[in-house]
Structure formats: C-alpha cells, structure tokens
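Given next are the chains, with one letter for each unit.
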Amino acid sequence: MAHIDLQNDLPGIRGPMAYSPGTGKALNELAEILLHDDNNTLSRGERELIGAYVSSENDCFFCQNVHGAMAQHYFESDMQFIDDIKKNYQSTPISDKLKALLSIAGSVQKGGRFVTTEQVEQAKSLGATDKEIHDTVLIAAAFCMFNRYVDGLNTWAPQDRQVYVERAKMRAEDGYTNMNLNK
Amino acid sequence: MAHIQVPEGVPGIRSLVMFRPETGKPLYELAQVLLRGESPLSEAERELIAAYVSHLNNCMFCRDSHAAAARCLYGDEKNTVDDVLNDMHQSNVSDKLKALLRIAGKVQVLGTEVLPADIEAARELDANDREIHDTVLIAATFSMFNRYVDGLASFTPTDPAEYEAMGKRMTEKGYVLPQPIK
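What you are looking at is a predicted structure, and each value in this text was computed from that prediction instead of being measured. What you see as residue numbers is a count from 1 along each chain, following the sequence as written. Each chain takes a letter, starting from A, and each ligand takes a number, starting from 1, following the order in which they are written. Per-residue local features of the predicted model are confined to residues with pLDDT of at least 70, and side-chain atom pairs are confined, for both listing and counting, to 80 or more; whole-chain, interface and lining totals are unaffected and use all residues.

The next point concerns the overall build of chain B. The helix count covers DSSP runs of H or I at least four residues long, the strand count covers runs of E at least two residues long, and both are numbered beginning at the N terminus. A count of helical and extended segments in chain B gives 9 helices and 0 strands. Beginning at the N terminus, the succession of helices and strands in chain B can be written as α-α-α-α-α-α-α-α-α. Our radius of gyration looks at C-alpha atoms and nothing else; its globule reference is 2.2 Å times the residue count to the power 0.38. Over its C-alpha trace chain B gives a radius of gyration of 16 Å, about what one expects of a compact globule, namely 16 Å for 182 residues. By its C-alpha atoms, chain B is 55 × 35 × 25 Å across when sized along the principal axes. Think of it as a crowd count around each C-beta: if 20 or more other C-beta atoms lie within 10 Å the residue is buried, if 12 or fewer it is exposed, and in between it is partly exposed, with C-beta placed from the backbone throughout. The buried share among the 182 residues of chain B stands at 51%. Contacts spanning at least 24 positions in sequence make up 70% of the contacts within chain B whose residues lie at least 6 apart. We call two residues in contact if the C-beta atoms placed from their backbones are at most 7 Å apart.

See the structure below:
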C-alpha cells in the first residue's frame, strides 16, 4: 500500500501523477522529449534501455519493467536480452558506443561526480556526440528521480512481468504526453 | 570545464538548458510548479528541502543557489538555512519539518529507504499527505538536478555574491527558462 492516500489505485508512477497533475504534466513532458521524441540520434530503444538499466541499478521494479519492456518492444528482442543487458551489458552484443554510454549512465546513478573525463572521452572516441552524452546523463539523472518518486511513496507494481510487455506497444504509439493515466 | 560544449561562463543548470532548451522547458516547469506552485509547505520550506538534499548529494551549485533562495525567503530567520545544513537534527526548525527533512534524506539515498515508521512519525507531527508527497518529489527531483549539473561537470561559481544574486532572482522571478545566446 502506498505511504499516502493517492485517491486512486493506479500502479507505479501513474498513481502520484494522477494525484498531482501539475507536476505530472511536467514529468511526462520530460519523458516525452527524452524517450519518445524522434528528433534524436539515439534510437528510442537505446534511450529506453538507458532508463531501464538505471532503474535496475536503483532496484526499482516498476520502472525497470516498464522501460525494459519498451526497449524490448523497440529492439524486437526477448525479455532475456534486456535482462542480460541489465545484469552485465559488457558481455552482450550491443555496440561499443552504447556500452560507453551505459557506463556513463551507471556513474550518474551513483552520483554526478562519478562521471570521469575518461568515460566521456571514450564515448566521444566511439562516435558519441555532445547531445548524445547530454541526453544519456539527463536520462540517467531523470530515472534517479522517477525511481525515487515511485519507491519513496511505496506505490504498487504488477508482479507479472508479461503485463509490462503487453502494454509497451500502446505506450510506444501514444508516447508519454498523450498518456491516459487511467488506461 | 564541462564535459560537453555548453555556453561559456554560464553557471550550472542554466548552461545545460541553454544547450538543450527542449528538455530545459519541462525541467524549469517542474521546478516552478514544485517550488512555487500551490503547496501546504511554504516556499522557504521547499527551498530548504532542495538545498538540504543537494547538500547530501554534495552538489555545490544546487546547494548554494537554493540555500541563497531559502535565505531570502526566510528573511529575519535566514540563519535557519545554515543551521539545517550544518546539523539538521540540532537546528531550530519545527519537529514536523525535521520529520519531513528526514524523509527527504532517505529519498536521497533511495526510495525504498523510506519506511512506514518515517511516514508515521511525520503524520504524528501533523504532516499531511500533500506535504509528504511534495517532500518526496522535491527530494527525488533534486536527486535528478544534482546529477545533471555534476554529471556534465557544469561550471560552479565559487563567489558567494554570485549565489546571493541567484537566490534573489529565484525568489523574485521564479524559474524562468533562460533564453539561448544568439
């Protein structure tokens, strides 16, 4: 049960977003630009994966399953592939550039100051642009917020992971700004 | 020097939102609604929670700018801000605000650190659901802002006078997205 009466029984972040629509709107607009907007050289799948990875590091069940399922949808992969990346991305067949970006995201998860010049140089040498590095850092930072919002209020999350997979297609089509919280 | 090519000489988050105004817009909207919008917590209390979490995250830019804003808002009681940053438990803020700051401190570590007992303690001191919600979201939001500002190694001024001016601006104008340099 959530720590406060959210006046709805929606799962995960949708509960507090419906409870506090003013802040919910800004949060969804941020998610839309970072994760769904196509004016970006990182694919939607790559950006969702960064979100899922950081959520996994933060041990946030709801966020890592929502965004892991989104990445799975865009990559047209199975759940195991996403789980392998969350567990040890270095041993998976993703690009070296994406590995370098996940390494930066992992440092951001620990704290902003953990990001080193060497990590950034490594990503740049593998072709990452300034905007891609910016977005990687902000996605990782944003999930350090989303995860804390979801778990800090002790919201509930469906335990059947297939539920998240089944919802991913709809979210990919609708995006985050057009989200109907009750659907 | 920042990790990416942001406008030179512009401090902290301002340089980052000028680099990428598309994400800057919802970030400033969030700060404005959360810290200046309707809430049973005063603006001073909300800025104090922001400064406290930034302090725990060792983010000097966010700590010093939001501490400056909180000092402006606390007026004659501006020493409260430094007392809380020095030692929250020994400070002269109300027991209720201490209980909320304790929750914020737990959120700073991780969401799952917040226990039902922490919520109960705040409730017994008359904290309501909205106050608990706003505290958790402010603490979560600054766990983002702090990482954004430091993760890209944005410019952190060291002159206290610069923060005093920022605090004054944040109090008078709120959170308005800076315009990109032409």
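Moving on from the model shown.
Attention now moves to the environment of Val107 of chain B. Inspection of the secondary structure assignment puts Val107 of chain B in helix α6 (residues 95–109). For the pair formed by Val107 of chain B and Val136 of chain B, sequence separation is 29 residues and the distance between their alpha carbons is 6.6 Å. When near neighbours in sequence (up to four residues on either side) are disregarded, Val107 of chain B contacts Arg148 and Gly152 of chain A together with Val114, Val136, Ala139 and Ala140 of chain B.

A few words now on the packing of helix α3 (residues 44–57) of chain A against helix α4 (residues 61–75) of chain A. Residues and elements named next belong to chain A. Inter-axis angles, ranging from 0 to 180 degrees, are taken between N-to-C directions of lines fitted to C-alpha atoms, where helices are fitted over the stretch in contact. Look at α3 against α4: their axes get within 8 Å of each other, and the N-to-C directions meet at 155°. Between α3 and α4, the crossing angle belongs to the class labelled roughly antiparallel. Between α3 and α4 lies a crossing whose hand is left-handed. Counting all contacts with α3, which are made through Arg44, Gly45, Glu48, Leu49, Gly51, Ala52, Ser55 and Ser56, the residues of α4 involved are Cys63, Gln64, His67, Gly68, Met70, Ala71, Tyr74 and Phe75. Residues of the contact of α3 with α4, tallied by class, amount to 7 nonpolar, 7 polar and 2 charged. For this classification, under 35 degrees means roughly parallel, over 145 means roughly antiparallel, 65 to 115 means roughly perpendicular, and everything else is oblique. By convention, the crossing between two helices is left-handed when the near helix turns anticlockwise from the far helix through less than a right angle, and right-handed when the turn is clockwise. Here the term charged refers only to Asp, Glu, Lys and Arg, the term nonpolar to Ala, Val, Leu, Ile, Met, Phe, Trp, Tyr, Cys and Pro, and the term polar to all other amino acids, Gly among them.

Quick look at the nonpolar core now. The nonpolar core criterion groups buried Ala, Val, Leu, Ile, Met, Phe, Trp, Tyr and Cys residues into a set whenever they are joined through C-beta atoms within 7 Å. In terms of nonpolar packing, the biggest core is built from 111 residues, with Ile104, Ala105, Ala140 and Ala142 of chain A together with Ile49, Ala104 and Tyr148 of chain B touching the most fellow members. It is helix α8 (residues 130–152) of chain A that provides the largest number of residues to this core, a total of 13 residues. Other than its neighbours up to four places away in sequence, Ala142 of chain A contacts Leu30 and Leu34 of chain A together with Met144 of chain B.

This paragraph deals with the packing of α8 of chain A against helix α8 (residues 129–151) of chain B. Contact geometry of α8 of chain A with α8 of chain B gives a least axis separation of 8 Å together with a crossing angle of 165°. Here α8 of chain A is positioned roughly antiparallel relative to α8 of chain B, judged by the angle of their axes. For the pair α8 of chain A and α8 of chain B, the crossing hand works out as right-handed. Contact residues: α8 of chain A offers Val137, Leu138, Ala140, Ala141, Ala142, Cys144, Met145, Arg148, Tyr149 and Gly152 of chain A, while α8 of chain B offers Val136, Leu137, Ala139, Ala140, Thr141, Ser143, Met144, Arg147, Tyr148 and Gly151 of chain B. Among the residues forming the contact of α8 of chain A with α8 of chain B, the class breakdown is 14 nonpolar, 4 polar and 2 charged.

With that settled, consider the environment of Leu6 of chain A. Residues and elements named next belong to chain A. For Leu6, the position within the fold is in the segment before α1 (14–19). Its 21 C-beta neighbours within 10 Å are what place Leu6 among the buried residues. Sequence spacing of Leu6 and Glu76 is 70 residues, and the spatial spacing of their C-alpha atoms is 35 Å. With sequence-adjacent residues up to four places away left out, Leu6 is seen in contact with Gly15, Pro16 and Tyr19.

The length a helix should cover is 1.5 Å for every residue beyond the first. For α8 of chain B, built from 23 residues, the straight-helix expectation of 33 Å at 1.5 Å per residue is met to within 8% by its first-to-last C-alpha distance of 32 Å. The positive-phi residue at the C-terminal boundary of α8 of chain B is Ala153 of chain B, with phi of around 55°.

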